[in-house]
Amino acid sequence: KAYDLVAGMQGLTLSSFARAGKVGEMFPQLAQKRTDDGEKTMKGSIVYYDGQFDDARLNVALACTAAHAGATIVNHTRVVKLHKDGERVVGVRARDMLTGNEFDVYAKTIINASGPFTDELRKMSDSKANGIMMPSAGAHITLPAYYCPSDMGLIVPKTKDGRVVFLLPWLGACIAGTTDKQCDVTMTPKATKEEVEFILESIAPYLKVDTRKSDILSVWSGIRPLASDPSAGDTENMSRDHIIAVEKDGMVTITGGKWTTYRRMAEEAVDKAIEIGGLADDAGKCRTASLGVVGAHGYTRDLFVKVAQRGGKGFGGPPDEVVAKHLATSYGDRALVVADLAAYSHLSKRLIPNHPVIEAEVVYAARAEYCQTAVDFLARRTRLAFLDIKAAEEALPRVVELLGAELKWSFMRRRREISDAKKFLSTFKAE
């Protein structure tokens, strides 16, 4: 009930207590008796409601929304040098990591919002700067959908080492996680064998399902940039809140936080940059609190019907409801554009039979979503790599074929894309 109180009017619905019999009806995979810690019989469960989203799709939608508002968007780009006017940072030298070309960008205020790379960028300006971010690795495993109901998950509030573990339905599969430990910063984090075994061992006592390692569809790890006290030695008590720091060189650094509060984080960072840059009279305050992202404006809960009808025979005969729902939830009102592309360009075929991702999405990603590599599509425009690593590997040749035709890749570039993607996808395999 404290959860309900904090949520207030923004809560999805009130939490409740369900007796064991009702829990068994709602979550038939849940064990009624635990044997790992004596003979403990389930008495009931607290049922509460939360939201979930596809973070890759929202991330792309935010970039596209910024572009519509006039921003210049670049990806696959690394800052290699800071430009200063005296002691103040006034710009950066950036390198296109796909071509090697470098270019300069100047601004009245520079915002450092580089996640796990926060301190690396700060130390480009001041090599003696104390760290304000601690990288924490979180591992997850993807399991078949039959591990949990399509609309209900499980949270174990305290495991043997005090961490929280969850099992949740997600994008037609089931994900379990997560671990939390300090790590090195890398572009390709990988879950360890010990982390995978810990997750399986933590959920096994609560399920009737035989939790088999052979059932794992994908294994993945991400790096959380936790706002850090430089004297702290572990991640357990690190804050999940964000911090904004104005550096001595005038750069505005934001780190920590989470997706739940991303709008507030952005608003506070932009307002601080406006203040530091002396732009208040021209720019005013951040105005994005009620701004819908690309795809939101024409979205309705029955949009998938229009998408199915728009695709029509282009979806391979009778309208494919599963594909239509996937497109509507992934692209919002832009799903109608993808459906048209599928119908008129004969790109309605699924990339993989058991997944609703279709060929038209590859071409759309290249044309409208800054997709530049096969990995971009498999992991950052769709979640195929995270949902089913074998499916992603099977889809790879066709993805490269479609992107190669759209982006005019040479034969050697296509070969390199296949090689690079295979290397990247290898990090999603269980050891």
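Preceding this section is the structure that the text describes.
My aim in this report is to walk through the structure given alongside it, one point at a time. Numbering of residues begins from 1 in every chain and follows the order in which that chain's sequence is written. Reporting in this predicted model follows two pLDDT cut-offs: at least 70 for local features of residues, and 80 or more for side-chain atom pairs to be given and counted; totals over whole chains, interfaces and linings ignore these cut-offs and use all residues. For side-chain calculations, the full set of non-hydrogen atoms in the structure is used, while hydrogens and water are omitted.

**A short note on a nonpolar patch on the surface**
Right, so step 1: Patch rule: a residue counts if its relative accessible area is over 30% and it has no salt bridge; like charges are joined within 9 Å, and nonpolar side chains (Val, Leu, Ile, Met, Phe, Trp, Tyr) within 5 Å. Working definition of accessibility: Shrake-Rupley area with a 1.4 Å probe, residue cover restricted to the visible protein chains. Here, a salt bridge means any Lys or Arg side-chain nitrogen found within 4 Å of an Asp or Glu carboxyl oxygen. A cluster of nonpolar side chains, namely Phe17, Ile46, Tyr48, Ile155 and Val164, defines an oily patch on the protein surface of about 480 Å² accessible area.
Right, so step 2: Within the element layout of this structure, Tyr48 appears in the loop between strand 4 (44–47) and helix 3 (55–68). Comment: elements are numbered from the N terminus, with helices defined as DSSP H or I runs of at least four residues and strands as E runs of at least two.

**Here we look at the sheet that holds strand 16 (residues 252–256)**
The strands making up a sheet are joined through hydrogen bonds of the backbone, oriented either antiparallel or parallel.
Right, so step 1: Strand order in the open sheet formed by 3 strands is 8-16-15, with mixed pairing between adjacent strands. Strands with a single pairing partner mark the edges of an open sheet, and in this sheet they are strand 8 (111–112) and strand 15 (242–246).
Right, so step 2: Strand pairing is defined by DSSP finding a minimum of two bridges between the two strands. Sheet topology places strand 8 next to strand 16; 2 bridges connect them, and they run parallel. Bridged to Asn112 within strand 16 is Thr253.
Right, so step 3: Sheet contacts for helix 4 (residues 118–125): strand 8 and strand 16; angle to strand 16, the most-contacted strand, approximately 155 degrees.
Right, so step 4: Contacting strand 8, strand 15 and strand 16, helix 6 (residues 262–276) runs over the sheet at an angle of about 10 degrees to strand 15. Any two residues whose heavy atoms approach within 4.5 Å at even a single point are treated as in contact. What counts as an axis is a line fitted to C-alpha atoms, over the stretch in contact for a helix, and the angles between N-to-C directions run from 0 to 180 degrees.

**Quick word on the nonpolar core**
Right, so step 1: In these notes, a set of buried Ala, Val, Leu, Ile, Met, Phe, Trp, Tyr and Cys residues joined through side-chain atoms within 4.5 Å is what counts as a nonpolar core. Type-normalised accessible area, obtained with a 1.4 Å probe on protein chains alone, sets the label of each residue: buried when under 20%, exposed when over 50%, and partly exposed for intermediate values. In this structure, Val307, Leu327, Leu351, Phe377, Leu378 and Val399 are the most contacted members of the largest nonpolar core, which totals 54 residues.
Right, so step 2: By residue number, the principal contributor to this core is helix 14 (residues 389–407), which donates 9 residues.
Right, so step 3: With near-sequence residues (within four places) excluded, Phe377 lies in contact with Leu351, Val357, Glu361, Val362, Ala365, Cys371, Thr382 and Val399.
Right, so step 4: With 30 residues, the next largest nonpolar core counts Ala20, Cys174, Ala176 and Phe198 among its residues.

**A few points about helix 4**
Right, so step 1: If you check which residues of helix 4 are buried, you get Thr118, Asp119, Leu121, Arg122 and Ser125. Down the axis of helix 4, the sector holding all buried residues measures 160 degrees, keeping them to one side.
Right, so step 2: On its buried face, helix 4 is in contact with strand 5 (77–85), strand 6 (88–96), strand 8, strand 9 (133–143) and strand 16. By definition, the arc is the one covered by directions from the helix axis to the C-beta atoms.

**Quick word on the sheet that holds strand 7 (residues 102–106)**
Right, so step 1: On the basis of which strands lie adjacent, the open sheet formed by 3 strands has the order 5-6-7 and antiparallel pairing. Here the strands that pair on one side only, and so sit at the sheet edges, are strand 5 and strand 7. Neighbouring strand axes in the sheet, compared pairwise and without regard to direction, differ in orientation by 25 degrees on average.

**Quick word on unusual backbone geometry**
Right, so step 1: With an omega of 5 degrees, the peptide bond between Gly177 and Thr178 qualifies as cis.
Right, so step 2: Relative to the helices and strands, Thr178 resides in the loop between strand 12 (173–177) and strand 13 (181–182).
Right, so step 3: Of note, the phi angle at Leu171 is positive, near 50 degrees, even though the residue is not glycine.
Right, so step 4: Along the chain, Leu171 turns up in the loop between strand 11 (165–170) and strand 12.
Right, so step 5: On the accessibility criterion, Leu171 (40% relative accessible area) is partly exposed.

**Some points on the packing of aromatic side chains**
Right, so step 1: Centres within 6.5 Å are what make two rings of Phe, Tyr or Trp a pair, Trp counting through its six-membered ring; a difference in plane orientation under 30 degrees is then read as stacked, over 60 as edge-to-face, and the rest as tilted. In the structure shown here, the tally under the stated rule is 8 aromatic pairs.
Right, so step 2: With 5.5 Å between their ring centres and 20 degrees between their planes, Tyr146 and Tyr147 make a pair best called stacked.
Right, so step 3: Given a relative accessible area of 46%, Tyr146 falls into the partly exposed group.
Right, so step 4: Centroid distance Trp220 to Phe386: 5.1 Å. Interplanar angle 80 degrees. Geometry classified as edge-to-face. With a gap of 166 residues between them, Trp220 in strand 14 (residues 218–227) and Phe386 in helix 13 (residues 384–387) connect regions that are remote in the sequence.
Right, so step 5: Three or more aromatic residues joined by ring pairs make a cluster, and in this case those are Trp170, Trp220, Phe386, Phe424 and Phe428.
Right, so step 6: Lying across the ring of Phe386, Arg383 places its NZ or CZ 4.2 Å from the centre. A ring is considered to have a charge above it if a Lys NZ or an Arg CZ atom is located within 6 Å of its centre and within 35 degrees of its normal.

**Re the pattern of salt bridges**
Right, so step 1: Applying the stated criterion to the full structure yields 24 salt bridges.
Right, so step 2: Between Arg122 and Asp119 there is a salt bridge, with its nearest N and O atoms 3.0 Å apart. Taken together, the residues span about one helical turn, with Arg122 and Asp119 both in helix 4 at a distance of 3 residues. Take Arg122 and Asp119: they sit in the same class, and that class is buried.

**Observations regarding the packing of helix 3 against helix 12 (residues 374–381)**
Packed helices, taken two at a time, are described by their axes: the angle between them and the distance between them.
Right, so step 1: For the pair helix 3 and helix 12, the least separation of the axes is 8 Å and the interaxial angle reads 115 degrees. In terms of their interaxial angle, helix 3 and helix 12 are classed as roughly perpendicular. Where helix 3 approaches helix 12, its residues Ala56, Arg57 and Val60 are matched on the opposing element by Ala379, Arg380 and Arg381.
Right, so step 2: We call Asp, Glu, Lys and Arg charged. Ala, Val, Leu, Ile, Met, Phe, Trp, Tyr, Cys and Pro are nonpolar, and the rest, Gly among them, are polar. In terms of residue class, the contact of helix 3 with helix 12 is built from 3 nonpolar, no polar and 3 charged. What sets the label is the angle itself: under 35 degrees gives roughly parallel, over 145 gives roughly antiparallel, 65 to 115 gives roughly perpendicular, and the rest give oblique.

**Structural notes on the pairing of strand 5**
Right, so step 1: Of the strand pairs in this sheet, strand 5 and strand 6 are connected by 8 bridges, and their pairing is antiparallel. If you follow Lys84 over to strand 6, its bridge partner there is Val89.
Right, so step 2: With antiparallel pairing between neighbouring strands as the criterion, strand 5 and strand 6 make up a hairpin whose turn holds 2 residues, including Gly86 at a positive phi of roughly 70 degrees.

**Description of the state of the cysteines**
Right, so step 1: For the purposes of this analysis, a disulfide is any pair of cysteine sulfur atoms at a distance within 2.5 Å. Enumeration over the complete set of coordinates arrives at 0 disulfides.
Right, so step 2: Left without a disulfide partner, Cys64 is nearest to the cysteine sulfur of Cys371, which lies 11 Å away.

**Quick look at the side chain of Ser221**
Right, so step 1: Checked against the element boundaries, Ser221 lands in strand 14.
Right, so step 2: At 3.5 Å, the side chain of Ser221 and the backbone oxygen of Gly138 are in polar contact.
Right, so step 3: Non-local contacts of Ser221, meaning those with residues more than four positions away in its chain, are made with Ala137, Gly138, Ala139, Pro189, Lys190 and Ala191. Contacts described as polar in this section are N or O atom pairs within 3.5 Å, which, within protein, must combine one atom able to donate a hydrogen with one able to accept it, while residues neighboring in sequence count only if both atoms come from side chains.

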